[in-house]
Amino acid sequence: MKNLLAPRTLEFTHHHNPAALAEMERAEILADPGFGKHFTDHMVDICWSARGGWHRPRVQPFGPIELSPAAAVLHYAQEIFEGLKAYRHQDGSIWSFRPEANAARMQRSAARLALPDLPTEYFIESLKQLIAVDGDWVPTAPDTSLYLRPFMFAKEAFLGVRAAEKVNYYVIASPAGAYFTGGLAPVSIWLSSTYSRAGKGGTGAAKTGGNYASSLVAQAEAYDNGCDQVLFLDSEENTYLEELGGMNIVLVTKDGTLLTPHSDSILEGITRDSILQLAEDRGHRVERRAISIQEWKDGAASGEIVEAFACGTAAVVAPIGTLKGVDFEITHDIGADSLALSLRQELTDIQYGRVEDVHGWMMRLDSAQ
Ligand code: PLP
Ligand code: COI
């Protein structure tokens, strides 16, 4: 649903939160933010209707959303979201990483979920508007950031099954430290042999809540087996690697080639795309292709596959030390000199403004420029 009549800019109104946290309270949270537990004082809210398009953009106090019990999202899960981070640079300025790529992915997710198209300019402006009021929530400690969560859902109170004619788009923000509590220590992955994440023609390539809802029971199985994340295989043949519950996966061969699944039913990660670009810049070969679980098992046994890592906005790059399944276990000995950690360092150096951004990936979000 393209908005052909969308104006180029939106005039936001600002409604200050009278209960905004005092500096001391905020500082206490920023000292140990964890992941996804704390939220800033404000949020963006923009309405959409089939007749009026995008309208009533505002920044308002973070707080409960009024919703009819008949709101379509509660029944039919017509919802999409994005995830990106705001990084504090040494000089105090605030930047995001490839936000146009998140905007474009949200447009693709919207198309799949029959939700309205949010123009890239609106997406970017919504981030800037939130940073304008909540910029003090971007932490300064190493490896911390402000995780930005734009999302959109069907608000219309209607139980007929069709695309909603009333939708709202929001952005909330949450200060973030490490996603995995073990920091840079290698993570362990559980191979699900019971559940699939997505099927052919399904919603696997969209960032939509249902994909995560269906992953939860498999993720619980991973925890029960002492693992941090779950790995899904393709649903047709139960043979080829797809992705983790909330991250993409990359394997590294002994000659330094990076292998990563090519599939219509996985989320095209912006972190993965960037890491692969950085690896190519260094002269590594990259293969985006079907990778069977047997190839990984055989490669780990023969020494052909020497590393594996997970990557995503929340997790950044996490080396995989162990892959476990019902009847097998693979381990990779990940040293401090691993390619995964070196690419992670290079990526975060760009994100935090410590090295030159030769690809033009960074966009400043605060207004002092
Ligand atoms: N795959 C899934 C299922 C995810 O939830 C994420 C995280 O957003 C990713 C991959 C990685 O995407 P990105 O690097 O754009 O955050
Ligand atoms: C992200 O990395 O942005 C995600 O949405 C994944 C989730 C595990 C937090």
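As shown above, the structure is provided for reference.
For every chain, the first residue of its written sequence is number 1, and the numbers climb from 1 along that sequence. Chain labels run from A onward and ligand labels from 1 onward, assigned in the order the entries are written. In keeping with the predicted nature of the model, local features appear solely for residues at pLDDT of at least 70, side-chain atom pairs appear and are counted solely at 80 or more, and the whole-chain, interface and lining totals rest on all residues. Heavy atoms from the whole structure form the basis of all side-chain values; hydrogens and water molecules are not counted.

What follows deals with empty space enclosed by the protein. Computed over the protein atoms alone on a 1 Å grid, cavities are sets of points where a 1.4 Å probe fits but cannot get out and pockets are open sets with protein on both sides within 12 Å along at least five of seven lines; a residue lines them when it has an atom within 4 Å of a point. Grid points are joined across faces, edges and corners, and a volume is the space filled by probe spheres set on the points. Within this structure, the stated rule accounts for one cavity of 30 Å³ or more. Every residue lining the largest cavity is counted, 13 residues in all, and those nearest its centre are Tyr87, Phe97, Thr271, Thr313 and Gln351. Secondary structure elements follow DSSP: runs of H or I no shorter than four residues count as helices, runs of E no shorter than two count as strands, and numbering proceeds from the N terminus. For the lining of the largest cavity, the secondary structure elements donating two or more residues are strand S5 (84-88), helix H7 (270-281) and helix H9 (339-351). Each residue is assigned to one class: nonpolar for Ala, Val, Leu, Ile, Met, Phe, Trp, Tyr, Cys and Pro, charged for Asp, Glu, Lys and Arg, and polar for all the others, Gly among them. Split by residue class, the lining of the largest cavity holds six nonpolar, six polar and one charged. A domain assignment, automatic or from a database, supplies the domain bounds used here. Here the lining of the largest cavity spans two domains, since at least three of its residues come from each of domain 1 (13-176) and domain 2 (187-351).

This part is about the side chain of serine 265. Considering the arrangement of structural elements, one finds serine 265 in the loop between strand S13 (258-260) and H7. What qualifies as a polar contact is a pair of N or O atoms within 3.5 Å, subject to a donor-acceptor requirement within protein and to the restriction that residues adjacent in sequence count only when both atoms come from side chains. One polar contact links serine 265 to glutamate 242, side chain to side chain, over a distance of 2.8 Å. Those residues within four positions of serine 265 in sequence are excluded, and the remaining contacts are Arg197, Ala198, Gly199, Gly204, Ala205, Glu242 and Glu243. The contact rule is simple, with two residues in contact once any of their heavy atoms fall within 4.5 Å.

Axis lines are fitted to C-alpha atoms, over the contacting stretch for helices. Their N-to-C directions set the angle, which ranges from 0 to 180 degrees. Here H7 crosses H9 at 110 degrees, and the two axes come no closer than 10 Å. When the interaxial angle is binned, H7 and H9 end up roughly perpendicular. Where H7 abuts H9, its residues Thr271, Ser274, Ile275, Leu278 and Ala279 lie against Leu343, Arg344, Glu346, Leu347 and Ile350. Per-class residue counts for the contact of H7 with H9 are six nonpolar, two polar and two charged. Roughly parallel means an angle under 35 degrees; roughly antiparallel means over 145; roughly perpendicular covers 65 to 115; every other angle is labelled oblique.

Time to look at the site of ligand 2. Nearness here has a simple test: a residue counts as near a molecule or strand if at least one of its heavy atoms is within 4 Å of that partner. The local shell around ligand 2 consists of Phe35, Phe81, Gly83, Tyr147, Arg149, Tyr179, Lys207, Gly246, Thr313 and Ala314. Here an oxygen atom of ligand 2 and a side-chain polar atom of tyrosine 147 are 2.6 Å apart. A distance of 3.5 Å is found between an oxygen atom of ligand 2 and a backbone nitrogen or oxygen belonging to threonine 313. Note on areas: Shrake-Rupley with a 1.4 Å probe; residue coverage comes only from the protein chains shown. Compared with its free state, where it exposes 280 Å², ligand 2 has 89% of that area covered by protein. Each molecule is checked against the cavity or pocket grid, and it sits inside if more than half of its atoms lie within 2 Å of the grid points. In a pocket analysis with a 2 Å cut-off to the grid points, ligand 2 is assigned to the largest pocket. Of the residues assigned to the shell around ligand 2, the class counts are five nonpolar, three polar and two charged.

This part covers the site of ligand 1. What surrounds ligand 1 is a group of 17 residues, the closest being Lys207, Tyr212, Glu243, Thr271 and Thr313. In this structure, isoleucine 270 approaches ligand 1 through a main-chain N or O atom, which is 2.8 Å from an oxygen atom. Between ligand 1 and threonine 271 there is a distance of 2.6 Å, counted from an oxygen atom to a side-chain nitrogen or oxygen. When isolated, ligand 1 has an accessible area of 380 Å², and the protein chains bury 96% of it. For ligand 1, the cavity whose grid points lie within 2 Å of the majority of its atoms is the largest pocket. Counting residues per element, the ones that place at least two in the shell around ligand 1 are strand S11 (241-244), H7 and strand S15 (305-312). Classifying every residue of the shell around ligand 1 by side-chain character gives six nonpolar, seven polar and four charged.

Phe123, Leu148, Met152 and Tyr169 are the most contacted members of the largest nonpolar core, which has 50 residues in total. Of the domains in this structure, domain 1 (13-176) and domain 2 (187-351) are the two that each give at least three residues to this core. Once you skip the residues sitting within four places of it in the chain, methionine 152 turns out to touch Trp54, Gln78, Glu79, Ile80, Met106, Leu115, Pro116, Leu118, Val167, Asn168 and Tyr169. In this text, buried Ala, Val, Leu, Ile, Met, Phe, Trp, Tyr and Cys residues form a nonpolar core when linked through side-chain atoms within 4.5 Å. Exposure categories follow from relative accessible area, calculated using a 1.4 Å probe and restricted to protein chains: below 20% of the type maximum is buried, above 50% is exposed, and the middle band is partly exposed.

So, on to unusual backbone geometry. With a phi angle near 65 degrees, aspartate 143 is a residue other than glycine that sits in the positive phi range. For asparagine 238, which is not glycine, the phi dihedral falls at a positive 50 degrees. Counting through the fold element by element, asparagine 238 comes out in the loop between strand S10 (229-233) and S11. Residue asparagine 238 is classed as partly exposed on the basis of its relative accessible area of 39%.

What follows concerns the packing of helix H3 (residues 99-112) against helix H4 (residues 120-134). Closest axis-to-axis distance for the H3/H4 pair is 9 Å, and the angle between their directions is 125 degrees. Overall, the two elements H3 and H4 adopt an arrangement that is oblique. Along this stretch, H3 crosses H4, giving a crossing that reads as right-handed. Across the interface between the two elements, Pro99, Glu100, Asn102, Ala103, Met106 and Gln107 from H3 touch Thr120, Phe123, Ile124 and Leu127 from H4. A class-by-class count of the residues in the contact of H3 with H4 yields six nonpolar, three polar and one charged. Handedness of a helix crossing follows the sense of rotation of the near helix relative to the far helix, less than a right angle counterclockwise being left-handed and clockwise being right-handed.

With that settled, the discussion passes to the state of the cysteines. Pairs of cysteine sulfur atoms within 2.5 Å are identified as disulfides in what follows. Across all of its chains, the model carries zero disulfides by this definition. Here cysteine 311 is not disulfide-linked; the sulfur of cysteine 227 is the nearest cysteine sulfur, at 18 Å.

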